[in-house]
Amino acid sequence: MGIRFILMVNKQGQTRLAQYFEYLTLEERRTLEGEIVRKCLARNEQQCSFVEHRTYKIVYRRYASLFFLVGVDNEENELAILEFIHLLVETMDRHFGNVCELDIMFHLEKAHFMLEEMVMNGCIVETSKANILAPIQLMDKTS
């Protein structure tokens, strides 16, 4: 399994979306998120976007006011994960039109649905924006 978790966090360190692909208790998740967020938000723009934490490799990227953090196995390709983060942002941009923190907060189920279309059991299974958004557009038409 490659991807262990995906987090979307604002500049204040508040988690806006969390998706885990391995079992952790709520207390373990809360502790892990706090440690990782503090570590990543403390870094400056000149430092690389990869951090090792516990048994994870954290790949992160900042877009406007949101940080996208992905925890992966140590064998995972960091550049491929950066591309995955970019694809996720582009897909959300296409649907929401310049995605922001409020889009995630008010349409959390759609954000989770996009992630579930892209990642299954920690493996990236879909990279086509059209294929990712097609079920969401169908749901929007019916409601």
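1. As for the packing of helix α4 (residues 108–118) against helix α5 (residues 129–142)
Between α4 and α5, the shortest axis-to-axis distance is 9 Å and the interhelical angle comes to 145°. For the element pair α4 and α5, the recorded crossing hand is right-handed. Contacts between α4 and α5 involve K110, F113, M114, E117 and M118 from the former and N131, I132, L133, P135, I136 and D140 from the latter. A per-class count over the contact of α4 with α5 returns seven nonpolar, one polar and three charged.

2. Thoughts on the packing of aromatic side chains
Scanning the model with the defined rule gives three aromatic pairs in all. Here the aromatic rings of F5 and Y20 are separated by 5.7 Å at their centres, their planes lie at 35°, and the arrangement is tilted. Here Y20 lies in strand β2 (residues 15–20) and F5 lies in strand β1 (residues 3–10), a separation of 15 residues in the sequence. Between Y63 and F68, the aromatic rings sit 5.8 Å apart at their centres with planes inclined by 85°, giving edge-to-face as the arrangement. Residues Y63 and F68 agree in their burial class; the two are buried. Members of the aromatic cluster, connected to one another through ring pairs, are F5, Y20 and Y56.

3. Quick look at the nonpolar core
Formed by 30 residues in total, the largest nonpolar core has its most connected members in I3, F84 and M92. Elements with a contribution of two residues or more to this core: β1, β4 (56–63), β5 (66–72), α2 (78–96), α4 and α5. Counting residues per element, this core draws most heavily on α2, at nine residues. If sequence neighbours within four positions are ignored, I3 has contacts with F21, V70, G71, V72, I81, F84, V119, G122 and I124. Counting residues in each nonpolar core, the second largest holds 15 residues, with I36, C40, V51 and F67 among its members.

Rules and cut-offs
Residue positions are given per chain, counted from 1 along the sequence in the order it is written. Since the coordinates come from a predicted model, pLDDT governs what is reported: local features require at least 70, and pairs of side-chain atoms require 80 or more to be given and counted, while whole-chain, interface and lining totals use all residues. In computing side-chain values, all of the structure's heavy atoms are included and hydrogens and water are not. Only the contacting stretch of a helix is used when fitting its axis, a line to C-alpha atoms as for every element, and angles between N-to-C directions run 0 to 180 degrees. The helix and strand labels rest on DSSP assignments: H or I over at least four residues marks a helix, E over at least two residues marks a strand, and numbering proceeds from the N terminus. Each crossing is labelled by how the near helix is turned from the far one, with a counterclockwise turn of less than a right angle marking it left-handed and a clockwise turn marking it right-handed. The contact criterion used throughout is that any non-hydrogen atoms of two residues lie within 4.5 Å. Ten residues, namely Ala, Val, Leu, Ile, Met, Phe, Trp, Tyr, Cys and Pro, are considered nonpolar, four, namely Asp, Glu, Lys and Arg, are considered charged, and the remaining ones, Gly among them, are considered polar. Any pair of Phe, Tyr and Trp rings, taking the six-membered ring for Trp, is counted once the centres come within 6.5 Å. Such a pair is stacked with planes under 30 degrees apart, edge-to-face with planes over 60 apart, and tilted for the rest. Residue exposure (1.4 Å probe, protein chains only): buried if accessible area is under 20% of the type maximum, exposed if over 50%, otherwise partly exposed. Residues belong to a common nonpolar core when they are buried Ala, Val, Leu, Ile, Met, Phe, Trp, Tyr or Cys residues joined through side-chain atoms within 4.5 Å.

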